[in-house]
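Take a look at the letters that make up each chain.
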Amino acid sequence: MRFRPTVTIWFIVLAPFLTFLMVAAGSFWGLLVLFASHLLLVAVTLVPSLQGFGPVLTRYSTSAKTAWLTIDDGPDPGTTPQIIALLQKYGARATFFLIGAKAAKHPELACMILDAGHAIGNHTQNHPGFSFWRFGPRALAREIDQFEATIFRIGLAAPIWFRAPAGLKNPFLHPILAARGLQLVGWSARAFDTQILDSSRIVERIKRSIAPGSIILFHEGHRPAVCLEALDQLLRELSAEQFRLVLPPLRELLPTGHSAPWKTSLNAIRSGRQFARMDQYYVVLAEALQERLAVIADHPLRGQNPDAHLLRLKQASERIEQLRNRLPPDADPMLVHYLGRMSFSKALEFVRERYLS
Ligand SMILES: [Zn+2]
């Protein structure tokens, strides 16, 4: 993914020059331009769903009665196992936006989440809630990368979802996320469940703003009793209304034409863990096939090191081999056939049509 500055960013960058030119020409309206650009900067930083600095996922497109439940600030031994049990009881799925430092303390909980069929997201290493928005590029990158290092150490694949602490962002964040293939996730339904003590009021607030395709923001580890009570009630009421909480398929989450966004999941493959979601597997397989085809098409040019090309070819082939060994049992026989015969372009076409379109 490549980062492209938004119109908002251009405006904020160019406003001082515009102001200077206007004031130099004798018009003090230029000061208004400067004021507007500052206002915009503050608003986009402080309002989580504003997209001025780059895309923020706040909902997904679906006509089914489903929503995406996201649970921040874990893992926590006082709530995570109970939450997993509740989700299981009602047949619901959720994405846990974990704090790296807590995951390092309770790696078994991070694994438990994935083993139960849920997903995880990056919620920074230390959750600097009050200072994240004023971090410079280096500090932002450190929070994000340390989280990934923690997750790798546990033997898990880095997730592509990122949520900023308290949802606050700044103009440096999007380029850093784009360079890592990360997607910023906001929300469309929140309950202020860390501040409200009455669990039925929390549920009422969430349900008021819920619709098909909503992203629900929920927290754990703050007030365990309230959190578990509210979640139990929410799951009970939603399931009575046949409203399901799911991990939405990628095609519903990301705009069409979006390049395969999963973090290169070599780590997941090496560690031998199952993919938390099967569509993740097929995206990674498509990536590997694409890479292999690119290497073949990319003949070593004069002056280029043929050994390096050979090594790339070997690595690309190995990666496909590893993925082939981990094909899900219900994979289509046609795909098995293509991969067995090393028909990579056919296999790629098939994966795209069958699993990713
Ligand atoms: Zn948080």
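Residues numbered from 1 in each chain as written. Predicted model: local features only at pLDDT ≥ 70, side-chain atom pairs only at ≥ 80, totals over all residues.

A. Representation of the overall build of the protein. In terms of regular secondary structure, the protein is built from 15 helices and 8 strands. A burial count over the protein gives 37% of its 357 residues as buried. Here the contacts in the protein between residues at least 6 apart in sequence split such that 75% fall between residues at least 24 apart. (Helix = DSSP H or I, 4+ residues; strand = E, 2+ residues; numbered from the N terminus. Buried ≥ 20, exposed ≤ 12 C-beta atoms within 10 Å, placed from the backbone. Contact = placed C-beta atoms within 7 Å.)

B. Seen up close, the pairing of strand S1 (residues 66–74). Along S1, 8 of the 9 residues are buried, which leaves the element largely enclosed by surrounding structure. When S1 meets strand S7 (residues 214–219), the two strands line up parallel, connected through 6 bridges. Each bridged residue has a counterpart across the sheet, and for alanine 67 the counterpart in S7 is serine 214. In terms of strand pairing, S1 meets strand S2 (residues 94–98) through 5 bridges, oriented parallel. Paired with isoleucine 71 across the two strands is phenylalanine 96, which belongs to S2. (Pairing = 2+ DSSP bridges.)

C. Local environment of the nonpolar core. Core analysis: the largest hydrophobic core is formed by 63 residues, its most contacted members being Leu69, Ile206 and Ile216. Per-element tally for this core: the top contributor is helix H9 (residues 224–240), with 6 residues. Viewed by domain, this core spans two of them, domain 1 (7–46) and domain 2 (66–253), each represented by three or more residues. Filtering out sequence-adjacent residues up to four positions away, leucine 69 remains in contact with Ala92, Ala94, Ile216, Phe218 and Leu245. Residues Ala286, Ala288, Leu339 and Val351 belong to the second largest nonpolar core, which totals 16 residues. (Core = buried A, V, L, I, M, F, W, Y, C linked by C-beta atoms within 7 Å. Domains from an automatic or database assignment.)

D. Focus on helix H1 (residues 7–24). For H1, spanning 18 residues, the distance from its first C-alpha to its last is 25 Å, which sits close to the expected 26 Å at 1.5 Å a residue. Of all the bends in H1, the greatest, near 45°, is centred on leucine 14, and the proline proline 16 appears no more than four residues after it. Looking at the buried residues of H1, the elements they touch are helix H2 (30–46). A positive phi of about 95° marks glycine 26, the residue just after H1. (Expected span 1.5 Å × (residues − 1). Bend = angle between axes of the 7 residues up to and from the residue.)

E. Layout of the packing of H1 against H2. Viewed as axis vectors pointing N to C, H1 and H2 meet at an angle of 160°, and their least axial separation amounts to 8 Å. If you check the angle between H1 and H2, you find them roughly antiparallel. In this structure, H1 meets H2 at a crossing whose hand is left-handed. Mapping the contact onto sequence places Thr8, Phe11, Ile12, Ala15, Pro16, Leu18, Thr19, Met22 and Val23 in H1 and Gly30, Leu31, Val33, Leu34, Ser37, Leu40, Leu41 and Val44 in H2. (Axes fitted to C-alpha atoms, helices over the stretch in contact; angles between N-to-C directions. Parallel < 35°, antiparallel > 145°, perpendicular 65-115°, else oblique. Left-handed = near helix turned anticlockwise from the far one by under 90°.)

F. Broad picture of unusual backbone geometry. A cis amide bond, omega 0°, links glycine 74 with the succeeding residue proline 75. Positive phi outside glycine occurs at phenylalanine 192, with the angle close to 50°. Of note in this structure, methionine 342 is not a glycine but carries a positive phi near 60°. Mapped onto the elements of the fold, methionine 342 is located in the loop between helix H14 (333–340) and helix H15 (344–356). For methionine 342, a count of 12 C-beta atoms within 10 Å puts it in the exposed group.

G. Structural view of helix H6 (residues 137–154). The first and last C-alpha atoms of H6 sit 26 Å apart over 18 residues, in line with the 26 Å expected at 1.5 Å per residue. For H6, the full list of buried residues reads Leu140, Glu143, Ile144, Phe147, Glu148, Thr150 and Ile151. Seen from one end, H6 has its buried residues packed into an arc of 155°, which puts them on one side. Facing away from the buried side of H6 by more than 90 degrees, the exposed set consists of Arg138 and Arg153. Looking at the packing, one finds that the buried side of H6 touches helix H4 (100–105), strand S3 (119–122), strand S4 (161–162) and helix H7 (173–179). At the C-terminal side of H6, glycine 155 shows a positive phi close to 95°. (Arc of directions from axis to C-beta.)

H. Looking closely at the environment of leucine 335. Its place among the elements puts leucine 335 in helix H14. When the C-alpha positions of leucine 335 and lysine 346 are compared, they lie 8.6 Å apart, and in sequence the two are 11 residues distant. If sequence neighbours within four positions are ignored, leucine 335 has contacts with Ala347, Phe350 and Val351.

I. Focus on the packing of H14 against H15. Taken N-terminus to C-terminus, the directions of H14 and H15 make an angle of 155°; their axes are 8 Å apart at the nearest point. Our classification of the angle between H14 and H15 gives roughly antiparallel. Considering the relative orientation of H14 and H15, their crossing is left-handed. For the pair H14 and H15, contact is made by Met334, Leu335, Tyr338 and Leu339 and by Lys346, Ala347, Phe350 and Val351, respectively.

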